[in-house]
Amino acid sequence: MARAKTQFVCQSCGAVYARWVGRCEACGEWNSISEEVPETSGVAGGPPAKAGGKKGRQIKLVAMDGELTETPRHLSGIEEFDRVCGGGLVPGSVLLVGGDPGIGKSTLLLQAMAAFARRKLEAVYISGEEAIDQVRMRARRLGLADSAVALGAETNLKDIIATLDGEDRPDVVVIDSIQTMWTDSLESAPGTVGQVRACAQELVRFGKKSGAAVIIVGHVTKDGQIAGPRVMEHMVDTVLYFEGERGHHFRILRAVKNRFGPTNEIGVFEMGELGLAEVSNPSALFLGERDRETSGTAVFAGIEGTRPVLVELQALVADSGLGNPRRAVVGWDSGRLSMVLAVLDARCGLSLSGQDVYLNVAGGLRIVEPAADLAVAGALISSLSNKTIPADTVLFGEISLSGAVRPVSQTESRLKEAAKLGFKRAILPKSPSSQRPDAQGLEIFEIADLGGLIAHLSVS
């Protein structure tokens, strides 16, 4: 019998090589290449052993405007979790949940499974990292010991599929985690690219065939990305990231991909002694400990998915004793900060090239939308001039390289959230007269460029 041909696969990006190399040319990682045996026939996604001469069968094609079959979603009753999933779990869907070690992924999913079980759904929790007693200890600590969740501790995917595919098929399944699963059709170790890809495809096939909603937990790399090949994120229907700083008591569940709902939707949870509790008004939480009499702070009215969120941005500009001044950023894009600093220097004459600049998003939230440019610029100007921005003012707008301030989407939702929390004024980009938003009772100050922002802050 001929020896199975091996290949060398990068464990970071999945690139395939004919021989071992020290550095992956695709992603640049060192010592990430390992030898693997290709998938054999019978594995989902793998090539058949023999092509054979049998022709494929014809499939039925239908019209685009056919009737839709609306399938009711599985609701957990945890509103923040259901919101991020797009209004509940769709039967037959597959979700991938990633997050840093110890951030609370297992706690959140155990609470969600207990909530599904309380709603008379068949819930199964399969752990490949912990023993049954460890899961029971966590459930007892969270007050969930009496929930009707079926537990299992196994890493052999074939045995797991055989168990789940019995007479009593579950409605919701959690696999914790995909890096511990293995299939005997591959000779490589669990956690390798081939094993992760093959196991993920088998779980996707099971979910689509059985109608069970499958939630897969994935480890993350040092860069914060889900470990394994990015193709795994393309296989699943929804990708969620569980974020949070260890020094803060709240966590954020963010959807970065969702075939059944909006992307970039967030759910906010607060970590307590009894697990994760929902936060229905995150804006009040992020602004709860705000110091209203300090220069260098500005309140940004942002949009996370479909939800408006107000958060405080803190900036500190100080004289630098270094040849290369420091630029430290927490919760925002460092490249975006460099751009705002360059525009303030080149277009507004504010000399920041010799200053240390520190920027922090209060509360640990990470902001990704460019609408925060104006609030960041306001915080920097406030710190540099040592002049406080009025505490009842919110800012939002995108800054261009010319120094102009561009309008952003969902202006009325931002203003409505600000008015609900007691803010009185808003600084925002100038809009055409035919597209003026509803002020929602706020005093509106429209500016066309950063010069207008500096002039407004100097007299306010």
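Above: the structure in question.
Thresholds applied
- Residues numbered from 1 in each chain as written.
- Predicted model: local features only at pLDDT ≥ 70, side-chain atom pairs only at ≥ 80, totals over all residues.
- Heavy atoms only, no water.
- Pairing = 2+ DSSP bridges.
- Helix = DSSP H or I, 4+ residues; strand = E, 2+ residues; numbered from the N terminus.
- Axes fitted to C-alpha atoms, helices over the stretch in contact; angles between N-to-C directions.
- Contact = heavy atoms within 4.5 Å.
- Phe/Tyr/Trp six-rings, centres within 6.5 Å; stacked < 30°, edge-to-face > 60°.
- Buried < 20%, exposed > 50% of the residue type's maximum accessible area, 1.4 Å probe, protein only.
- Parallel < 35°, antiparallel > 145°, perpendicular 65-115°, else oblique.
- Left-handed = near helix turned anticlockwise from the far one by under 90°.
- Nonpolar A, V, L, I, M, F, W, Y, C, P; charged D, E, K, R; others polar.
- Polar contact = N/O pair within 3.5 Å; in protein donor to acceptor, adjacent residues only side chain to side chain.
- Core = buried A, V, L, I, M, F, W, Y, C linked by side-chain atoms within 4.5 Å.

The next point concerns the sheet that holds strand β21 (residues 443–447). Strand order across the open sheet formed by seven strands is β15-β16-β14-β13-β17-β20-β21, with mixed pairing between neighbours. Each edge of the sheet is formed by a strand with only one pairing partner; in this case those strands are β15 (327–330) and β21. Taken over all neighbouring pairs, the strand axes of this sheet differ in orientation by 25° on average, direction set aside. Sheet analysis places strand β14 (residues 307–319) next to strand β16 (residues 355–361), joined by seven bridges and oriented antiparallel. Directly across from Ala318, in β16, lies its bridge partner Asp356. The strands touched by helix α10 (residues 411–420) within the sheet are β13 (297–304), β14, β17 (393–395), β20 (425–429) and β21, with β13 carrying the most contacts at an inclination of about 125°.

The strand order across the open sheet built from three strands is β2-β1-β3, with neighbouring strands paired in antiparallel fashion. Where the open sheet ends on each side, the last strands, each with one partner, are β2 (16–17) and β3 (33–36).

Right, let's get into the packing of aromatic side chains. Evaluation of the coordinates by the stated rule reveals three aromatic pairs. For the pair Phe81 and Phe116, a centre-to-centre distance of 6.4 Å together with 75° between the ring planes defines the contact as edge-to-face. Of this pair, Phe81 sits in helix α1 (residues 79–84) while Phe116 sits in helix α2 (residues 105–118), and the two are 35 residues apart along the sequence. No difference in accessibility class separates Phe81 from Phe116, as the two residues are buried. Judged by centre distance (6.4 Å) and plane angle (70°), the ring pair of Phe242 and Phe269 falls under edge-to-face.

Of note, the amide linkage connecting Asp176 to Ser177 takes the cis form, showing an omega dihedral of 5°. Along the chain, the position of Ser177 falls in the loop between β7 (172–176) and α5 (193–210). Backbone geometry at Asn386 places phi at a positive 55°, although glycine is not the residue there. Checked against the element boundaries, Asn386 lands in the loop between α9 (373–385) and β17. On the basis of relative accessibility, which here comes to 61%, the residue Asn386 falls in the exposed class. Of note, Gln410 is a non-glycine position whose phi angle comes to about 55°, a positive value.

The contact between helix α8 (residues 334–348) and α9 brings their axes to 10 Å, and the two run at 60°. Considering the angle they form, α8 stands oblique to α9. When the axes of α8 and α9 are compared, the crossing they make is right-handed. Residues Arg336, Leu337, Met339, Val340, Leu341 and Leu344 of α8 form the contact with α9, whose participating residues are Asp373, Val376, Ala377, Leu380 and Ile381. Its residues assigned to classes, the contact of α8 with α9 shows nine nonpolar, no polar and two charged.

This part covers the pairing of strand β9 (residues 238–243). Walk down a regular strand and you will see the side chains alternate between the two sheet faces. The buried fraction of β9 amounts to five of the six residues, a majority that puts the element mostly inside the structure. Of the pairings in the sheet, the one linking strand β4 (residues 94–99) to β9 comprises five bridges and is parallel in character. Its bridge partner lying in β9, Val97 is registered against Leu240. Where β9 and strand β10 (residues 250–258) come together, six bridges link them in antiparallel fashion. Bridging from a neighbouring strand, Thr238 pairs with Asn258 of β10.

All right, on to the side chain of Glu417 then. Of note, Glu417 is situated in helix α10. Apart from residues lying up to four places away in sequence, Glu417 is in contact with Asn281, Ser283, Pro308 and Leu310.

This part covers the environment of Asp100. On the secondary structure map, Asp100 appears in the loop between β4 and α2. Owing to a relative accessible area of 37%, Asp100 belongs among the partly exposed residues under this scheme. Separated by 118 residues in the primary sequence, Asp100 and Gly218 have C-alpha atoms spaced 9.6 Å apart. In this view, Asp100 contacts Lys105, Val220 and Phe242; residues no more than four positions away in its chain are not counted.

Within the fold, Ser382 resides in helix α9. Among the residues examined, Ser382 registers a relative accessible area of 1% and is labelled buried. There is a polar contact of 2.8 Å between the side chain of Ser382 and the backbone nitrogen of Gly296.

This brings us to the packing of helix α4 (residues 157–164) against α5. Relative to each other, α4 and α5 sit at 5°, their axes nearing to 11 Å. When the axes of α4 and α5 are compared, the pair comes out roughly parallel. Packed against α4, whose contacting residues are Leu157, Ile161 and Leu164, the element α5 presents Cys199, Glu202, Leu203 and Phe206 at the interface. Broken down by class, the residue content of the contact of α4 with α5 amounts to six nonpolar, no polar and one charged.

Counting 58 residues, the largest nonpolar core has Phe300, Trp332, Leu380 and Leu453 as its most contacted members. At seven residues, the largest contribution of residues to this core is made by α9. Apart from the residues within four sequence positions on either side, Leu453 is in contact with Leu374, Ala377, Gly378, Ile381, Leu395, Ile427 and Ile447.

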